[in-house]
Amino acid sequence: MDDQGVDNEIETTNFRIDMISSLFDQQIFNNHQKNPTKDDTNCSCSHPIFISNVCTNCGFRNDYDGNEIISTIPFSYIYPNLSLSLKEIDRIRDLNLRRLISRKKIHLILDLDHTLLHQRPSYKLTPEDKQFLRHQKHGINHNLVEGGSLFKNSNGWVKLRPYLRNFLEEASTMFDMTMYTLGCRTCSWEIAKTVDPTGAYFENWRLITRDDYDGKFDKHKKTLDLVLEHEKVVVILDDNEGVWEDYKGNYVKVIPYNFFSYFSPEDKEHDASPRKHSWSQLGGDESEENGVLVRVLEKLRLIHTWFYDEDGEFGGDFCDRDVRDVIQRVELFQNGGKKGQRYKKKKIGKIVRG
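Residues numbered from 1 in each chain as written. Predicted model: local features only at pLDDT ≥ 70, side-chain atom pairs only at ≥ 80, totals over all residues. Heavy atoms only, no water.

Per an unreviewed UniProt entry, the chain carries the name protein-serine/threonine phosphatase and comes from Saponaria officinalis.

Below is the structure:
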């Protein structure tokens, strides 16, 4: 399939998702819902899309005594109560893979709190934080003061990590991006609008929260089952490796961002060796020129460059490449491993210095 064909099929798929509600209402109006009995459980429909466990095509109810008849995965962050069959998920992932490759992109999963920003409920503010905030200009909700990075919203305070805007702007040229947090959807959506108030980098449905699990996943872990991309083209950026224990090959560690003071010993769980004083107590912040996100972006550039290097050791069709192999080699290279250093050292050195 050529690039135009891929784009056309993607548009059809997106239109299909957007029209789920009207399709569902029409189907229920034109078709009687088939409520399965015990004898029906071996005679399920073969359609791919369900809303509230009801097939949007034939009205078949995909549950019996609380158990699914057809295996599906919930995608309520795309559309309320939406679930897709495993076959449909594979089809969409295959399609999205070709779309990524045609645009020379990879998919990036981004954590929010302690990775892109630090958020603190008002009741957890220390006296030092309150004193600091009295003298700071700040935006309300997702309306920033010009050049600012500090917000107050209905849940408390949000401090954007230095270099975040530049990071997102450049990362978006190499990656399609999804935000993924274990927070609740309402609070997380408010914070997400702080990160990307105009929707320039994240499509309006690209935010996954624990509320999207529908009881099928551990709410203390994160999973790529909810991402409509093949694992081999997904890079994960998160401060907490423990929530990605099944996807360590995709994981890129980021040093936790702790702007506000610690409220209790439990708050230190995101930082193995926290500073004695927070940035707010010190009256400072990470560097815009050489801070954590600057260095992380350098690593992402290497991952993207090596993945799409036509002359490198990751040869063959781009669709057959696995970004996990590239991440491993980049880690070796940046940590001084001999194998990594030998891999196109001169060429990559120019990229890093540039």
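1. Considerations on the environment of Ser261
Mapping Ser261 onto the fold places it in the loop between strand 13 (251-253) and helix 7 (279-282). Counting along the chain gives 137 residues from Ser261 to Lys124, while the straight-line C-alpha distance between them is 9.0 Å. With near-sequence residues (within four places) excluded, Ser261 lies in contact with Arg120, Thr126, Glu128, Asp129, Ser278, Ser280 and Gln281. (Helix = DSSP H or I, 4+ residues; strand = E, 2+ residues; numbered from the N terminus. Contact = heavy atoms within 4.5 Å.)

2. Remarks on helix 6 (residues 185-195)
Along helix 6, the residues classified as buried are Ser188, Glu190, Ile191, Ala192, Thr194 and Val195. Buried residues along helix 6 sit against strand 6 (117-121), strand 8 (150-153), strand 9 (156-160), helix 5 (164-171), strand 10 (175-180) and strand 11 (207-208). (Buried < 20%, exposed > 50% of the residue type's maximum accessible area, 1.4 Å probe, protein only.)

3. Section: the packing of helix 5 against helix 8 (residues 292-307)
Look at helix 5 against helix 8: their axes get within 10 Å of each other, and the N-to-C directions meet at 10 degrees. One finds that helix 5 runs roughly parallel with respect to helix 8. Counted together, Leu164, Phe167, Glu170 and Ala171 of helix 5 and Leu293, Val296, Leu297, Leu300 and Arg301 of helix 8 form the full contact between these two elements. Of the residues in the contact of helix 5 with helix 8, the class split is seven nonpolar, no polar and two charged. (Axes fitted to C-alpha atoms, helices over the stretch in contact; angles between N-to-C directions. Parallel < 35°, antiparallel > 145°, perpendicular 65-115°, else oblique. Nonpolar A, V, L, I, M, F, W, Y, C, P; charged D, E, K, R; others polar.)

4. Concerning the packing of aromatic side chains
Considering all chains together, one arrives at 10 aromatic pairs under this definition. When the ring of Trp244 is compared with that of Tyr247, the centres are 6.0 Å apart and the planes differ by 75 degrees; the resulting orientation is edge-to-face. As far as burial versus exposure is concerned, Trp244 and Tyr247 are alike and both buried. Look at Tyr308 and Phe318: their rings are 5.1 Å apart centre to centre, the planes differ by 65 degrees, and that puts the pair in the edge-to-face class. Residue Tyr308 is found in the loop between helix 8 and helix 9 (323-334), and its partner Phe318 is found in the loop between helix 8 and helix 9; the two are separated by 10 residues along the sequence. (Phe/Tyr/Trp six-rings, centres within 6.5 Å; stacked < 30°, edge-to-face > 60°.)

5. Some words on the pairing of strand 12 (residues 234-238)
Of all five residues making up strand 12, five are buried, and the element is well covered by its neighbours. On strand 12, burial covers both faces: Val234, Ile236 and Asp238 on one face and Val235 and Leu237 on the other are all buried. Here strand 5 (residues 106-110) pairs with strand 12 via four bridges, running parallel. Note on strand 12: the bridge partner recorded for Leu110 is Leu237. Where strand 12 and strand 13 come together, three bridges link them in parallel fashion. (Pairing = 2+ DSSP bridges.)

6. Thoughts on the packing of helix 8 against helix 9
Relative to each other, helix 8 and helix 9 sit at 130 degrees, their axes nearing to 9 Å. The angle between helix 8 and helix 9 places the two elements in the oblique class. In this structure, helix 8 crosses over helix 9, and the sense of that crossing is right-handed. Every residue of helix 9 that contacts helix 8 at Glu298, Lys299, Leu302, Ile303, Trp306 and Phe307 is listed here: Val323, Val326, Ile327, Arg329, Val330, Glu331, Phe333 and Gln334. (Left-handed = near helix turned anticlockwise from the far one by under 90°.)

7. Thoughts on the pairing of strand 4 (residues 82-85)
With burial as the criterion, each face of strand 4 is covered, one bearing Leu82 and Leu84 and the other bearing Ser83 and Ser85. Both strand 1 (residues 49-51) and strand 4 contribute to a ladder of three bridges, which runs antiparallel. Its bridge partner being in strand 4, Phe50 is matched across the sheet by Ser83.

8. Notes on the pattern of salt bridges
The full count for this structure, using the stated rule, is 13 salt bridges. With its nearest N and O atoms 2.8 Å apart, the salt bridge here joins Asp322 to Arg324. Look at the salt bridges and you will find they share partners, linking Arg103, Lys105 and Asp176 into a network. (Salt bridge = Lys/Arg side-chain N within 4 Å of Asp/Glu carboxyl O.)

9. Concerning the sheet that holds strand 11
As summarised here, the arrangement of the five strands in space is 11-10-5-12-13, forming an open sheet in which the pairing is parallel. Here the strands that pair on one side only, and so sit at the sheet edges, are strand 11 and strand 13. Helix 9 rests against strand 5, strand 12 and strand 13 of the sheet, and its axis sits at about 50 degrees to strand 12.

10. Quick look at the nonpolar core
Counting residues in hydrophobic clusters, the biggest one holds 48 residues, and the most contacted among them are Ile106, Leu108, Leu110, Phe167, Val195, Val235 and Ile303. Considering each element in turn, this core owes the most residues, 10 residues, to helix 8. Apart from the residues within four sequence positions on either side, Val235 is in contact with Ile106, His107, Leu108, Ile109, Phe175, Asn250, Val252, Leu300, Ile303, Val323 and Ile327. (Core = buried A, V, L, I, M, F, W, Y, C linked by side-chain atoms within 4.5 Å.)

11. Description of the confidence of the model for the chain
Of all residues in the chain, 72% attain a pLDDT of 70 or more, and the chain-wide mean is 79. Looking over the chain, one finds the lowest element-wise mean pLDDT in helix 11 (residues 345-353), namely 40, and the highest in strand 12, namely 98. Long-range and interchain partners of residues 19-34, a stretch whose pLDDT sits below 50, account for 27 contacts in this model, where long-range means more than four residues apart. Note on residues 36-42: pLDDT is under 50 here. Beyond four places in sequence and across chains, it has 11 contacts. (pLDDT = per-residue confidence, 0-100.)

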